[in-house]
Amino acid sequence: MLTCQRHLFSLPQGTHYLNCGYMSPLPKKVEEAGHAGVAQKRVPSDITPEDFFRGLDQIRDRFARLVKVADSDDIAVIPSASYGIATAARNLPVSGTQNIVVTAAQFPSNVYVWRRMAGESGAELRTIAPSAGEPRQGEAWNERLLDAIDESTALVALGQVHWTDGTLFDLAAVGNRAREVGAAMVIDGTQSVGALPFDVGELQPDALVCAGYKWLMGPYSLGVAYFGPRFEGGVPLEETWIARVGSDDFPRLVDYQDGYRPGAARFEPGEISNFVLVPMLNAALELMEDWGVAEIQAYCRSLTDPLVAQAAELGFGAEEASWRAGHMVGLRMAEGVQPQALQVQLAANRIQVSVRGDVLRVSPHAYNDMSDINSLVSALGEAVGSSAAP
């Protein structure tokens, strides 16, 4: 069983940071890896050609184990989720007689590129939303999503969870339906991978894209992606030197090579061998391995389940347990409580959460414990009392 790991972070005493869905705090070992990377650049002569590749290979290996990918050659290190999704879009053909299925209000990085593709190709963009006030919303939303996938669907793009409130999507069912009709499935795992188990072999996404600064607990501006068999021989967004065959032979770099390095490395951008960010993400992924993703999910649920129960007594709603993730929960407002005003009130009490849409998104991690939850519940009670006062 995972226990509270606050001692491994530098969070200030008295701060209740329940906002990993916004950005994770850096673990001390990740911060130290960044400092060491900065120091390395002091003496460039000590940076060898091998240093351009070694850290990237380690990230690929660790991420492959994390999401159960058999071959780490299928992993690419990317600068952002939007970069990975744009790479997928460049290599997935869509015609004017087809449709693209997305979920409503998902993160913009997994929407804008599909809007552009639909506009340029004439394809239909199908945005699948839940019904307001619908009981068992997660279950009904998933049913509606499956119904939207038909013989004309070119691809389905969504998250493992909805980024605003942690609603779970049944990726096994979605993937099965997509494969039945020959559609691709592109998953933005930014708000789940690292805190919720993900098995590529079981779910069979065509692409899985993750920013590294949230649940992977790494630095900003570096992430990881899996690209499956649909992308073999694909075209990258950039034509970089490091993605080419023989790029590790520095004296012969002007012996230009048209061939790419094996696997998904062809999709990596220029200057991906960042000597500060790469060791930081490596240290973060190593920490994920030490803790275990299933253990992280169980620990977070041990905090959010009591939160939902206590918040319900104050009039706040949430998705039912079977359709919400343990690491992220969206609280629907009690009568008379305004979400933006509540967020300001919570911040004044040093309680950090996010407002996304019309819900209060609470996203704890292993650095939290029940004292953080109790402080939040107490503040919610004060907000309800204030809204009811004449």
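Look up a bit, the structure's there.
Residues numbered from 1 in each chain as written. Predicted model: local features only at pLDDT ≥ 70, side-chain atom pairs only at ≥ 80, totals over all residues. Heavy atoms only, no water.

> Honestly, the pattern of salt bridges in this entry has me stumped. Any pointers?
Pairing is possible between side chains of opposite charge, provided their charged atoms come close. A full pass over the atoms with the stated rule returns 17 salt bridges. Among the salt bridges present, the one from arginine 65 reaches glutamate 289, with a minimum N-O distance of 2.7 Å. Of this pair, arginine 65 sits in helix 2 (residues 54-66) while glutamate 289 is found in helix 8 (residues 277-291), placing the two residues 224 residues apart along the sequence. A relative accessible area of 49% places arginine 65 in the partly exposed class. Through salt bridges with shared partners, a single network forms among Lys29, Arg62, Arg65, Glu286 and Glu289. (Salt bridge = Lys/Arg side-chain N within 4 Å of Asp/Glu carboxyl O. Helix = DSSP H or I, 4+ residues; strand = E, 2+ residues; numbered from the N terminus. Buried < 20%, exposed > 50% of the residue type's maximum accessible area, 1.4 Å probe, protein only.)

> I tried to follow the pairing of strand 6 (residues 184-188) on my own but got confused; where do I start?
Each regular strand shows side chains that alternate between the opposite faces of the sheet. Burial analysis of strand 6 places five of its five residues in the buried class, which makes it a mostly covered element. With burial as the criterion, each face of strand 6 is covered, one bearing Ala184, Val186 and Asp188 and the other bearing Met185 and Ile187. With five bridges joining them, strand 5 (residues 153-159) and strand 6 adopt parallel strand pairing. From the neighbouring strand, glycine 159 faces strand 6, where its bridge partner is aspartate 188. Handedness of the crossover is the feature at issue here: the chain leaves strand 5, passes through helix 6 (residues 171-181), returns alongside strand 6, and the resulting connection is right-handed. One ladder, built from three bridges, connects strand 6 with strand 7 (residues 207-211); its direction is parallel. Residue pairing in the sheet places aspartate 188 in a bridge with valine 209 of strand 7. (Pairing = 2+ DSSP bridges. Right-handed = clockwise from strand over helix to strand, strands pointing away.)

> For this particular structure, what's the right way to read the packing of helix 3 (residues 81-90) against helix 4 (residues 112-121)?
Taken N-terminus to C-terminus, the directions of helix 3 and helix 4 make an angle of 25 degrees; their axes are 9 Å apart at the nearest point. In this view, helix 3 runs roughly parallel relative to helix 4, as classed from their interaxial angle. Judged by the twist between their axes, the crossing of helix 3 over helix 4 is right-handed. On the side of helix 3, the interface is formed by Ile85, Ala86 and Ala89, while helix 4 contributes Val113, Trp114 and Met117. Considered class by class, the residues forming the contact of helix 3 with helix 4 number six nonpolar, no polar and no charged. (Axes fitted to C-alpha atoms, helices over the stretch in contact; angles between N-to-C directions. Parallel < 35°, antiparallel > 145°, perpendicular 65-115°, else oblique. Left-handed = near helix turned anticlockwise from the far one by under 90°. Contact = heavy atoms within 4.5 Å. Nonpolar A, V, L, I, M, F, W, Y, C, P; charged D, E, K, R; others polar.)

> Please explain the sheet that holds strand 6 as it appears in this structure.
Adjacent strands of a sheet pair through backbone hydrogen bonds, lying either parallel or antiparallel. Ordered by their spatial adjacency, seven strands build an open sheet running 2-8-7-6-5-3-4, and the pairing between neighbours is mixed. Two strands in the sheet have a free side with no partner beyond their single neighbour: strand 2 (75-78) and strand 4 (124-128). The sheet shows a mean angle of 15 degrees between the axes of neighbouring strands, direction not considered.

> Help me understand the layout of surface pockets, please; the structure alone is not making it clear to me.
A water-sized probe, rolled over the atoms, reveals where empty space remains. Taken as a whole, the second largest pocket holds about 350 Å³ of empty space. Forming the boundary of the second largest pocket are 25 residues, of which Ala81, Phe107, Ser109, Asp188 and Thr190 lie nearest the centre. Elements with a minimum of two residues in the lining of the second largest pocket: helix 3 and strand 5. For the lining of the second largest pocket, the per-class residue count stands at 11 nonpolar, 12 polar and two charged. (1 Å grid on protein atoms, 1.4 Å probe; cavity = no way out; pocket = protein on both sides within 12 Å on 5 of 7 lines; lining within 4 Å. Points joined across faces, edges and corners; volume = space filled by probe spheres on them.)

> Sorry if this is basic, but what is going on with the nonpolar core here?
Across soluble globular proteins, nonpolar side chains show a tendency to be buried alongside one another. By size, the foremost hydrophobic cluster in this structure holds 88 residues, and its most contacted members are Phe63 and Leu208. If we skip the residues at most four places from it in the chain, leucine 208 touches Phe63, Val67, Ile187, Gly189, Val193, Phe198, Val200, Val224, Ala225 and Tyr226. Of all hydrophobic cores here, the second largest spans 30 residues; its members include Ile100, Val102, Ala118 and Ala211. (Core = buried A, V, L, I, M, F, W, Y, C linked by side-chain atoms within 4.5 Å.)

> Can you walk me through the sheet that holds strand 12 (residues 359-362) in this structure?
If you trace the three strands from one edge of the open sheet to the other, you get 9-12-11, paired in antiparallel fashion. Strand pairing shows two members of the sheet lacking a second neighbour, strand 9 (329-332) and strand 11 (354-356), which therefore form its edges. Mean inter-strand twist for the sheet, computed between neighbouring axes without regard to direction, equals 40 degrees. Across the face of the sheet, helix 9 (residues 293-313) comes into contact with strand 9 and strand 12 while running at roughly 5 degrees to strand 9.

> Can you walk me through helix 5 (residues 137-148) in this structure?
Each α-helix turn comprises 3.6 residues. Residues three or four places apart therefore point the same way. Look at helix 5: 16 Å from first C-alpha to last across 12 residues, which is about the 16 Å you get at 1.5 Å a residue. The set of residues buried in helix 5 consists of Gln137, Gly138, Ala140, Trp141, Asn142, Leu145 and Ala148. Looking at the buried residues of helix 5, the elements they touch are strand 3 (99-103), strand 4, strand 5, helix 6 and strand 9. (Expected span 1.5 Å × (residues − 1).)

> Would you mind showing me how to read the packing of helix 2 against helix 8 here?
The angle between the axes and the distance between the axes are what describe a pair of packed helices. Where helix 2 contacts helix 8, the two axes come as close as 9 Å, and the packing angle between them is 25 degrees. Viewed along their axes, helix 2 and helix 8 adopt a mutual orientation that is roughly parallel. Crossing angle aside, the handedness with which helix 2 passes helix 8 is left-handed. When helix 2 is examined against helix 8, the residues Gly55, Leu56, Gln58, Ile59, Arg62, Phe63, Arg65 and Leu66 are found in contact with a partner set consisting of Val278, Leu281, Asn282, Leu285, Glu286, Met288 and Glu289. Counted by class, the contact of helix 2 with helix 8 contains eight nonpolar, three polar and four charged residues.

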